[in-house]
Amino acid sequence: MNNKSRLVVFVFCIVACVTHSLGQSVGNASYYADKFHGRTMSNGETYHRDSLTCAHRTLPFGTLLKVKNIKNGKEVIVEVTDRGPFTRKFMIDLSYAAAKKLDIIKYGFMPVEVTIYTPTIIPYKLAEVETKIPLIELTDLPQEPLSEFFKNRAAHLDSTKTIKNPTKKKK
């Protein structure tokens with residue numbers, strides 16, 4: 001082997017190792033035919049063509065995958081819910097909805113890049129507390145300077161309400 005051939009083999013091995021270590025793989029993706037709609041998948045659930053699911057030969061059920069169409073750059077997140085495809089030509093079978101988002105429907109299959117997707121989780125995030133924020137309508141905004149607005153408001157409150165002192169006792 002000459003030096004160029006050795007270099008090509010070496011670069012190929014490095015790329016293959018890095019790609020494998022990152023959990024990425026490239027191959028062809030197909031999609032489920034309409035006849036599978038409503039049938040039971042390998043995980044026991046019913047296949048629905050509008051769900052973002054896929055079939056993979058080895059990954060555990062429930063694994064989230066980011067599938068990227070190499071031709072147009074579109075991406076979709078799918079969940080592994082079935083086993084397959086059972087041919088070496090394809091590495092993943094997508095649901096109809098996932099294939100439609102990636103624009104694979106009109107071609108039947110397409111080269112894709114598959115990566116295991118880990119959602120970002122913010123640790124120690126407190127549960128969101130529902131707070132009622134008062135809405136300010138535009139009619140409530142003062143049309144005069146704020147100092148005049150507050151003087152007028154205080155004068156208005158003083159004239160309309162008389163506050164009784166609850167600590168005073170009646171004789």
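Overview of the structure.

Cut-offs and rules
- Residues numbered from 1 in each chain as written.
- Predicted model: local features only at pLDDT ≥ 70, side-chain atom pairs only at ≥ 80, totals over all residues.
- Heavy atoms only, no water.
- Helix = DSSP H or I, 4+ residues; strand = E, 2+ residues; numbered from the N terminus.
- Buried < 20%, exposed > 50% of the residue type's maximum accessible area, 1.4 Å probe, protein only.
- Contact = heavy atoms within 4.5 Å.
- Areas by Shrake-Rupley, 256 points an atom, 1.4 Å probe, with all protein chains shown as cover.
- Pairing = 2+ DSSP bridges.
- Axes fitted to C-alpha atoms, helices over the stretch in contact; angles between N-to-C directions.
- Core = buried A, V, L, I, M, F, W, Y, C linked by side-chain atoms within 4.5 Å.
- Phe/Tyr/Trp six-rings, centres within 6.5 Å; stacked < 30°, edge-to-face > 60°.
- Lys NZ or Arg CZ within 6 Å of the ring centre and 35° of its normal.

Considerations on the overall build of the protein
Check the secondary structure of the protein and you find 3 helices and 6 strands. Counting all 171 residues of the protein, 22% fall into the buried class. Looking at the protein alone, contacts between residues at least 24 apart form 69% of all its contacts between residues at least 6 apart. Of the roughly 13700 Å² of accessible surface on the protein, a fraction of 59% belongs to carbon and sulfur atoms.

Considerations on the environment of E79
Tracing the chain through its elements places E79 in strand β4 (residues 75-82). When residues no more than four places from it in sequence are discounted, the contact partners of E79 are L52, T53, C54, G62, T63 and L64.

Quick word on the sheet that holds strand β6 (residues 109-116)
Strand order in the closed barrel formed by 6 strands is β1-β5-β2-β4-β3-β6, and the pairing between neighbours is mixed. Put simply, the sheet's adjacent strands are angled 45 degrees from each other on average, direction ignored. Inspection of the sheet shows strand β3 (residues 64-69) paired to β6 by 5 bridges, in the antiparallel sense. What sits directly across from K68, in β6, is E113.

A word on the nonpolar core
Within the largest apolar cluster, 18 residues are counted, with the highest numbers of intra-cluster contacts made by L65, V67, V78, I92, L94 and I104. When contributions to this core are tallied by element, the ones reaching two or more residues are β3, β4, β5 (92-94), α2 (96-101) and β6. The next biggest cluster of nonpolar side chains, apart from the first, holds 5 residues, and it includes Y32, M41, Y47 and Y96.

Things to note about the pairing of β6
Both strand β1 (residues 24-31) and β6 contribute to a ladder of 7 bridges, which runs antiparallel. Directly across from G27, in β6, lies its bridge partner V112.

Describing unusual backbone geometry
With an omega dihedral of -10 degrees, the bond running from G84 to P85 counts as a cis peptide bond. As for its position among the elements, P85 is in the loop between β4 and β5.

Structural notes on the packing of aromatic side chains
All told, the structure shown has 4 aromatic pairs when counted by the stated rule. For the pair Y32 and Y47, a centre-to-centre distance of 4.6 Å together with 40 degrees between the ring planes defines the contact as tilted. Taken as a pair, Y32 in the loop between β1 and β2 (53-55) and Y47 in the loop between β1 and β2 lie far apart in primary sequence, 15 residues in all. Note on Y32: relative accessible area 8%, which makes it buried. Three or more aromatic residues joined by ring pairs form one cluster here, namely Y32, F36 and Y47. Sitting above the plane of the Y96 ring, R49 keeps its charged end 3.9 Å from the centroid. For K89, the ring lying beneath its charged end belongs to F109, and the centroid distance is 4.8 Å.

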